[in-house]
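# Coordinate analysis (summary)
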Amino acid sequence: MSAYQGLLNGKPGEKMFLLGNEAIARGVLEAGVAVATTYPGTPSSEVGDVLYEISEKAGLKFEFSVNEKVAMESAFAASLSGLKSFVFMKHVGLNVASDVLMSISYTGVRGPMVIMTADDPSMFSSQNEQDNRHYGHFAHVPVIEPSNPQEAKDFLKVAFEISEMEGLPVIFRTTTRISHMRGSVTLSTIEPPNQNGLFPKDGRSFVSLPSNAYHFKEELLSKMGRLGKTDFSGTLNRTEGDRSSRIGFISSGEAYNVLMDVLNKHQVNVEVLKLGITNPIPDAIVKDFLSRHGNVIIVEEVDPIIESDVRAIADLGFPEVSIHGKMDGLIPMSHETSPNTLESSLSKVLGYEIKAGDLYRSKEELPPRPPVLCPGCPHRATYFAVKRAVKMLKIEDPIYSSDIGCYSLGNYEPFSEADIMLDMGSSIGVGSGFTKATDQRIISFIGDSTFFHAGIPALVNAVNNNSRMLVVIMDNDVTAMTGRQPNPGTPIALTTGRSRNLSIENIVKSLGIENVKTVDPYNLKDTLGAIMDGLRADGVSVVVARRECAILRDNRMRKEGEEVKYHVIPEKCSSCFNCVENFACPALSVSNGKVTIDPVLCDGCGVCSQPYVCPFRAIEVTTNEN
Amino acid sequence: MRTNILLAGVGGQGVITLGMIISQAAMEQGEKVLMSEIHGLAQRGGSVTVDVRIGDFHAPIIPDGEVDITIGMEPLETKRALARASMGSRVVMSTEKMVPVSLSIRHEEYPDLQDIVSSISGNFRLRTIDAVSIAENLGNYKAANIALLGFALGTGWLPISVDSVRRQIEKTFSKKALEINMKALEEGLERGRSAQVETMEH
Ligand code: SF4
Ligand code: SF4
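In this text, all values refer to a predicted model and were calculated from it rather than measured experimentally.

### Quick look at the overall build of chain B
Scanning chain B for helices and strands turns up eight helices and six strands. Its helices and strands taken in sequence order, chain B reads β-α-β-β-β-α-β-α-α-β-α-α-α-α from the N to the C terminus. Computed over C-alpha atoms, the radius of gyration of chain B comes to 16 Å, within 12% of the 17 Å expected from 2.2 N^0.38 for 202 residues, which places it in the range of a compact globule. Sorting the 202 residues of chain B into buried and exposed places 59% on the buried side. When contacts within chain B are restricted to residue pairs at least 6 apart in sequence, long-range pairs at least 24 apart make up 66% of them.

Right under this line is the structure:
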């Protein structure tokens, strides 16, 4: 596959239509990064997909790390060896890595190091919309915010320069809209990376013992103080519009885009200060701006971070300027900046009228189409078997403790097998916690990648504390939800051969767990049996439900030129609807009172043909004769 | 020129590919283009929308009420997406249904296609085509998105030239898939040129 080859081959001056994340990957090459690490997470994942594919040719060392904390530690080590390093993750990943961040801001870095966080305002694919710019203030590190793919690429280079200048790690903050926006990007020259790392014993300490940390802190604050005095006009910050306008705007990131569209639509000519560096806030530029405008409105996503800083500056020197934004309720505190909401928030202040939209407001409720597990997804079979086992053993009130991955979708009907789901690895930690609080049976669901990421310590804890619980490890070979990236359990055949394949069973058994079974979820009988055994046992029992992700299987079968489909024999279908009601593969639907299988959607897994799903054996494999 | 195009469908139907081809064709014509794709939780089978904005915009999302044309790969998803469009705006839609699991679980059937068509055509300028059948007849149902694109071009409602679309298709597909997609484009075009507003196209 060479989907991303063009990003490596593109010539300086050439224009490409790039996703924000693709532009960032190109920016990594143009900045001459030597080592890049990540743990995949939407909306940051495509950066890794690109780098994984082209790293070898680009002379870049790339690592899918086991989790974000380790990724950041890896990148930090490269930086200490004098190399340019880049670590990237989704916003909540930075929580996992924050323990590292909070210390490396103190120790400082040697080679330039940039940390990308892809935030998710409005929570398109996340559990919260935390604004990771807070980490900039929290750790005292610079924060850079691009507004489009071109800036994403170009600002990355500046971020490395700032890191180099002050010896500080720099946070590069995108949001879903920036990472997943496509636009035209003009390429620059690729800088070949310097791979001659050396950790010099030059007396500089990176040991955060209290005695050192005490001094590190003062150094850190003086670096940030210096940066706050640099204005970065022309590279990161700029003003546009009428300098004498009564109202001025300060904005950044995607919020700036939405603001500009609203201003242009209503032909409002006011001065806008666009900030590309939001921590430390460029003091002189902001003061200059406050001196020109009686009213300043701050538009940003998600929390009022620039606004707090600007209010502080105004309090100290510009009491006559009135500041507006989220803190006085002009702009909503939650969710991304929606164009319609911003347009109405600003209509009074800017004095334009919004033409009442004649939006189509149909009264009828449309049947929803929530996200579903793919046709042929092995998780569907596992959830089906667990539910059946619980019923057969007459277990009342089981607690389903779920985790982060495609299998989170087990939360939806007909399975409803998720009572709690918080963060990576929480299925086992929370599950084991429940055993201290209640006698209800606990079933934890965790995927292979999540197990490696943060499940192992929780499992150690559960065993060590004699919890009684069933842990179902849903192993589909890859990190499926983010686009099938490899993890430590991925078979070598599916990787570039640069990593090794670790055995989940060996890890589990090494903890002294005796009740460990591996099943193929496509075989419902075996899976059901193993789950019932696990539920009957004392202590921690583990079922590894192993079957490749259906999309991988699709790709493999297509290559092998094989195509299997199933169909319903109408005469045998009794319209009991067990399959649609309790198994709910998206390829199954009801038409004219009978179940049918859409041959385009059917993945040929055959699970629905097993008697647990179709007791009347009305579903059969399609042969040429049919 | 400023045009906001909203694409809607189900994950796996090639909605993003459609957006890429339209965007790059417009770019080739010298236009500024932004496209926004949202990757939700599901790899396949969920609702998908893609916003394409041609012209001097900053933000990649189309404000509600400012959609100029909606291109729908699936009737229910088209209707759902139209909550963002102003009444009277243009809609092209492929009529092949994909039953959402939320219905099947309750043994309910897909709403009557004719009802969906008439409720949309009562409020919008709608043209429909059975793009999936065209693609299937050509030998690959996956070319339905390109048949629909041809249809949309044929109506004259898209501000891009057929030639630049052809060139993008050549860059996107190869060999057999290219051949089928080109035929799908031509057949769609043909139907689009003769299609009437508010009628079913068979
Ligand atoms: S991507 Fe793979 S694991 Fe995820 S729902 Fe689809 S088949 Fe299942
Ligand atoms: S064989 Fe049955 S369960 Fe498997 S994908 Fe086809 S319809 Fe769905």
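Structure's up, so let's keep going.
### Details of the overall build of chain A
On a plain count of helices and strands, chain A comes out with 20 helices and 23 strands. Taking 25 Å as the expected radius of gyration for a compact globule of 626 residues, we find that chain A reaches 27 Å, a close match to that expectation. Taken over the C-alpha atoms alone, chain A extends approximately 80 × 70 × 55 Å along its principal axes. The burial tally for chain A puts 59% of its 626 residues in the buried class. Nonlocal contacts in chain A, meaning residues at least 24 apart in sequence, comprise 78% of its contacts between residues at least 6 apart. Entry remark: accessible area of chain A is about 24,800 Å², with carbon and sulfur atoms responsible for 52%. Both charge centroids of chain A, one from 60 positive and one from 75 negative side chains, sit 3 Å from each other.

### Describing the layout of surface pockets
Residues and elements named next belong to chain A. Reported here for the second largest pocket is a volume of approximately 760 Å³. Taken together, 44 residues line the second largest pocket, and the ones lying closest to its centre are I404, G405, S408, M424 and M481. At the level of secondary structure, the elements contributing two or more residues to the lining of the second largest pocket comprise α5 (91–107) and α16 (448–464). Broken down by element, the residue count for the lining of the second largest pocket peaks at five residues, all from α16.

### Let's talk about helix α7 (residues 162–172) of chain B
Helical periodicity: at 3.6 residues per turn, an α-helix aligns residues three or four positions apart in one direction. Those residues of α7 of chain B lying buried are V162, S164, V165, Q168 and I169 of chain B. Looking down the long axis of α7 of chain B, one finds its buried residues gathered within 160° of arc, a one-sided arrangement.

### A word on the site of ligand 2
What surrounds ligand 2 is the set G376, Y566, F583, C585, A587, I597, C602, D603, G604, C605, G606 and C608 of chain A. Residue classes in the shell around ligand 2 are distributed as eight nonpolar, three polar and one charged.

### Considerations on the domain arrangement of chain A
Domain boundaries assigned for chain A yield domain 1 (5–197 + 208–228), domain 2 (238–350), domain 3 (378–556) and domain 4 (563–621). Domain 2 of chain A and domain 3 of chain A are separated by 48 Å when their C-alpha centres are compared.

### Brief notes about the interface of chain B and chain A
At the interface, 60 residues of chain B touch 64 residues of chain A. Regarding the contact of chain B and chain A, the summed buried area is about 5,400 Å², with carbon and sulfur atoms giving 58% of it. The largest contributions to the chain B side of the interface with chain A come from L41, R44 and H58 of chain B, which together make up 14% of the buried area. Applying the counting rule to chain B against chain A returns eight salt bridges.

### A short note on the site of ligand 1
L373, C374, C377, H379, C406, N476, A480, C549, A550 and I551 of chain A together with Q43 of chain B make up every residue found near ligand 1. Judged by its atoms lying within 2 Å of the grid points, ligand 1 is housed in the largest cavity. The class makeup of the residues in the shell around ligand 1 is eight nonpolar, three polar and no charged.

### Here's the deal with the sheet that holds strand β13 (residues 295–299) of chain A
Residues and elements named next belong to chain A. Taken together, the five strands give an open sheet; going across it, the order is β9-β11-β10-β13-β14, and neighbouring strands pair in mixed fashion. If you trace the sheet from one side to the other, it starts and ends with β9 (238–240) and β14 (322–324), each paired once. Recorded for the sheet is a direction-independent mean angle of 20° between the axes of neighbouring strands. Here helix α11 (residues 283–292) sits on the sheet and contacts β9, β10 (247–251), β11 (271–274), β13 and β14; the angle it forms with β11, its principal contact strand, is near 165°.

### Looking at the confidence of the model for chain B
Looking at chain B, the pLDDT average stands at 93 and 97% of residues meet or exceed 70. We note a pTM of 0.96 for the whole complex and an ipTM of 0.95 for its interfaces.

### Points about the sheet that holds strand β16 (residues 442–447) of chain A
All names here are of chain A. Ordered by their spatial adjacency, five strands build an open sheet running β15-β16-β17-β19-β18, and the pairing between neighbours is parallel. In this open sheet, the two strands that pair with only one neighbour each are β15 (399–401) and β18 (516–519). Sheet twist, expressed as the average angle between the axes of neighbouring strands with direction ignored, equals 20°. The sheet contact formed by β15 and β16 spans three bridges and is parallel.

### So, the packing of aromatic side chains
Scanning the model with the defined rule gives 15 aromatic pairs over all chains in all. Taking the centre distance of 5.3 Å and the plane angle of 20° together, the rings of F86 of chain A and F88 of chain A count as stacked. For the pair formed by F86 of chain A and F88 of chain A, the shared burial category is buried. Their ring planes at 35° and their centres at 6.1 Å tell us that Y135 of chain A and F138 of chain A sit as a pair that is tilted. Pair noted here: Y135 of chain A and F138 of chain A are both in helix α6 (residues 133–139), with a separation of three residues, about one helical turn. Joined through ring pairs, the aromatic side chains of Y52, F62, F64, F86, F88 and F160 of chain A make up one cluster. For the cation-ring pair, R53 of chain B lies above F57 of chain B, with the distance from its terminal atom to the ring centre recorded as 3.8 Å.

### Structural notes on the nonpolar core
Residue and element names in this part refer to chain A. In terms of nonpolar packing, the biggest core is built from 78 residues, with I428, I443, F445, V471, V508, V595 and I597 touching the most fellow members. For this core, the leading source of residues is helix α14 (residues 378–392), giving seven residues. If you count residues domain by domain, this core takes at least three from each of domain 3 (378–556) and domain 4 (563–621). Apart from residues lying up to four places away in sequence, V508 is in contact with F451, L459, I473, I513, V516 and V542.

### Looking at the pairing of strand β3 (residues 61–64) of chain A
Residues and elements named next belong to chain A. Only one face of β3 is covered, namely the face carrying F62 and F64; the face carrying K61 and E63 is uncovered. Bridge count between strand β2 (residues 35–38) and β3: four bridges; the pairing is parallel. Considered in β3, the bridge of V35 is made with K61. Chirality of the crossover, the property in question, places the unit of β2, helix α3 (residues 45–58) and β3 among those that are right-handed.

### Quick notes on the packing of α11 of chain A against helix α12 (residues 305–317) of chain A
Residue and element names in this part refer to chain A. One can describe the packing of α11 onto α12 by two numbers: an axis separation of 10 Å at closest approach and a directional angle of 65°. Here α12 runs roughly perpendicular to α11, going by the angle between their axes. Like other packed secondary-structure pairs, α11 and α12 cross with a definite hand, here right-handed. The residues of α12 that touch α11, namely those facing D283, V286, K287 and L290, are V310, I313 and A314. Here the residues of the contact of α11 with α12 sort into five nonpolar, no polar and two charged.

### A closer look at empty space enclosed by the protein
Enumeration over the complete set of coordinates arrives at five cavities of 30 Å³ or more. In this structure, the largest cavity spans a volume of roughly 110 Å³. C374, C377, C406 and C549 of chain A together with Q43 of chain B are the residues nearest the centre of the largest cavity, which is lined by 16 residues in total. Of the residues assigned to the lining of the largest cavity, the class counts are 13 nonpolar, three polar and no charged.

### Points about the environment of I551 of chain A
One can find I551 of chain A in helix α19 (residues 550–559). Given a relative accessible area of 5%, I551 of chain A falls into the buried group. Those residues in contact with I551 of chain A that sit more than four places away from it in its chain are C374 and R484 of chain A together with Q43 and R44 of chain B.

Rules and cut-offs
Residues numbered from 1 in each chain as written. Chains lettered and ligands numbered in written order. Predicted model: local features only at pLDDT ≥ 70, side-chain atom pairs only at ≥ 80, totals over all residues. Heavy atoms only, no water. Helix = DSSP H or I, 4+ residues; strand = E, 2+ residues; numbered from the N terminus. Rg over C-alpha atoms; globule rule 2.2 N^0.38 Å. Buried < 20%, exposed > 50% of the residue type's maximum accessible area, 1.4 Å probe, protein only. Contact = heavy atoms within 4.5 Å. Areas by Shrake-Rupley, 256 points an atom, 1.4 Å probe, with all protein chains shown as cover. Lys, Arg positive; Asp, Glu negative; His and termini not counted. Charge placed at Lys NZ, Arg CZ, Asp CG, Glu CD. 1 Å grid on protein atoms, 1.4 Å probe; cavity = no way out; pocket = protein on both sides within 12 Å on 5 of 7 lines; lining within 4 Å. Points joined across faces, edges and corners; volume = space filled by probe spheres on them. Arc of directions from axis to C-beta. Near = heavy atom within 4 Å. Nonpolar A, V, L, I, M, F, W, Y, C, P; charged D, E, K, R; others polar. Domains from an automatic or database assignment. Buried area = accessible area lost by both parts, 1.4 Å probe. Salt bridge = Lys/Arg side-chain N within 4 Å of Asp/Glu carboxyl O. Sits in = over half its atoms within 2 Å of the grid points. Pairing = 2+ DSSP bridges. Axes fitted to C-alpha atoms, helices over the stretch in contact; angles between N-to-C directions. pLDDT = per-residue confidence, 0-100. Phe/Tyr/Trp six-rings, centres within 6.5 Å; stacked < 30°, edge-to-face > 60°. Lys NZ or Arg CZ within 6 Å of the ring centre and 35° of its normal. Core = buried A, V, L, I, M, F, W, Y, C linked by side-chain atoms within 4.5 Å. Right-handed = clockwise from strand over helix to strand, strands pointing away. Parallel < 35°, antiparallel > 145°, perpendicular 65-115°, else oblique. Left-handed = near helix turned anticlockwise from the far one by under 90°.

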